[in-house]
Amino acid sequence: MAKKAETVNMVDRFAEFKELKNIDKTTMISVLEESFRNVLAKMFRSDENFDVIMNPDKGDCEIYQNLEVVPDDKVDNKDLQIGLSDAREIDPEAELGEEVVKQIYFQDFGRRAILNLRQTLQSKILDLQKEAIYNKFKDLEGELITGEVHQIWKREMLLLDEEQNELIMPKEEQIPGDFFHKGDMVRAIVKRVDNTNNNPKVIVSRTDERFLRRLFEQEVPEVNDGLITIKDVARKPGERAKIAVESYDDRIDPVGACVGIKGSRIHGIVRELRNENIDVISYTSNPQLYVQRALSPAKISSIRLDEEEKKAEVFLRPEEVSLAIGKGGLNIRLATMLTGYAIDVYRDIEEGEEDIYLDEFRDEIDDWVIEALKNLGLDTAKAVLNAPREVLDQADLEDSTLDQVISVLKAEFED
């Protein structure tokens, strides 16, 4: 009876792993049994003639050794055989050639065996925990998660979720303007789970476009319910984003539902994204109309599409060009990302008005200067001449270079 009590106490000691690692009862019993067998195999060179019985209800473990009954002077292997005299002390009716089941008590093997068992168990549970973490977060990739800031380093930040699992947010996955303190609660999405050398590392992000999608799902019931679908997202984190939405129910205005009355729904998302401006547009399968909406707030005069090459030539009034391009060319870049069309912006020319493509001036203006201007959507001489100075400054050219370009272009029309 004392032996059994010792066994119970020993198994109870291992229960602490279950509490710490949140391993379910069935798995815990299986791990305990396997750990006992591993240690037995090391001690007896094999565990094949052992029965290990875990009693989950009682919380104890019973170990039985199956031994072949042989004559007392023919015992060649004590791990597999037992003499008839010893066998009849266990079972008075034992006969030669039969098997006798002998109960053994693990504690009798000493402190070293118990320590070995504990180390084996700890190693197996650690592997199980890593596997569980990997599987859990692999299933959560792309989903919203909340973590508490635990530690902040120069290149990354450590968060802990409610189960104290570690989440890593690298600097590049943080929104410019994000500033957190230890203890702050932070929302992000699970971007990916690395598992190098069976050591899972959960990477979370606030810059991934899926983060914006999940915020809309959380803030806009119609999106969460599937009444409104988010078709495309284009984003420069912390600055500006464009999101195309669609509803299959004519009674629902997808843009209005996402923005909310007086911006009530979108304001929370904007605050979460550090005042990132969000343009919500209505999706359409008509590519011309889609490009036009994507360039909002600029108003388009006309569009010429090459659907095969996925290119769009957009013509606008002079005063609309800077709106279409946006600060630093951001609006046109986001529109390109959203629609999948490479968009070139041209100034709309009145009938009888002449203009010249910048490429015609390559003998007077350096190629890299022309390309810098074209990257802003300024492809013609008059597009450059009519562009506000703040738009031209976005080409990152020296003032003297810009002045020379303007001088060359003006001279062409003065002639």
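No experiment lies behind these values; they were computed from the predicted model shown.

1. Observations concerning the packing of helix H2 (residues 25-44) against helix H4 (residues 111-139)
At a minimum axis distance of 9 Å, the contact between H2 and H4 shows a crossing angle of 135°. By the criterion of interaxial angle, the relationship of H2 to H4 is oblique. Crossing geometry of H2 relative to H4 is assigned as right-handed. Residues Thr27, Met28, Val31, Leu32, Glu34, Ser35, Phe36, Asn38, Val39, Lys42 and Met43 of H2 pack against Ala113, Asn116, Leu117, Thr120, Leu121, Lys124, Ile125 and Leu128 of H4.

2. Overview of the sheet that holds strand S5 (residues 144-152)
Read around the closed barrel, five strands run S5-S6-S7-S9-S8, paired in mixed fashion. Strand-to-strand twist across the sheet, computed as the mean angle between neighbouring axes with direction ignored, equals 55°. Bridge analysis of strand S8 (residues 185-194) against strand S9 (residues 201-205) gives five bridges, and the strand direction is antiparallel. The partner of Val193 across the bridge, within S9, is Val202. Strands in contact with H4 are S5, strand S7 (166-170), S8 and S9; relative to S8, the strand with the most contacts, it is inclined by about 110°. Sitting on the sheet, helix H5 (residues 209-219) touches S5, S8 and S9, and the angle it makes with S8 is about 130°.

3. Some thoughts on the side chain of Asn66
Turning to its location among the elements, Asn66 is positioned in strand S2 (residues 60-70). For Asn66, a relative accessible area of 14% puts it in the buried group. A polar contact of 3.3 Å, which involves the side chain of Asn66, links it to the side chain of Asp51. Among residues more than four places away in sequence, those in contact with Asn66 are Asn49, Phe50, Asp51, Leu80, Glu99, Val100 and Val101.

Each value, and the rule that gives it
- Within each chain, residue numbers correspond to sequence positions counted from 1 in written order.
- Only residues with pLDDT of at least 70 are given local features in this predicted model, and only at 80 or more are side-chain atom pairs given and counted; all residues enter the totals for whole chains, interfaces and linings.
- Calculation of side-chain values draws on the structure's entire complement of heavy atoms; hydrogens and water are dropped beforehand.
- Axis definition: a line fitted to C-alpha atoms, over the contacting stretch in the case of helices. Angles run 0 to 180 degrees between N-to-C directions.
- Secondary structure is summarised from DSSP: a helix means a run of H or I of at least four residues, a strand means a run of E of at least two, and numbering begins at the N terminus for each.
- For this classification, under 35 degrees means roughly parallel, over 145 means roughly antiparallel, 65 to 115 means roughly perpendicular, and everything else is oblique.
- It is the rotation of the near helix from the far one that decides the hand of a crossing: anticlockwise by less than a right angle makes it left-handed, clockwise makes it right-handed.
- Residue contacts are counted whenever heavy atoms from the two residues lie within 4.5 Å of one another.
- At least two bridges found by DSSP between two strands is the condition for calling them paired.
- Think of it in three bands: residues with accessible area under 20% of the maximum for their type are buried, residues over 50% are exposed, and the middle band is partly exposed, with areas taken using a 1.4 Å probe on protein chains only.
- Residues adjacent in sequence count toward polar contacts only when both atoms are side-chain atoms; beyond that, a polar contact is any pair of N or O atoms within 3.5 Å, and within protein one must be able to donate a hydrogen and the other to accept it.

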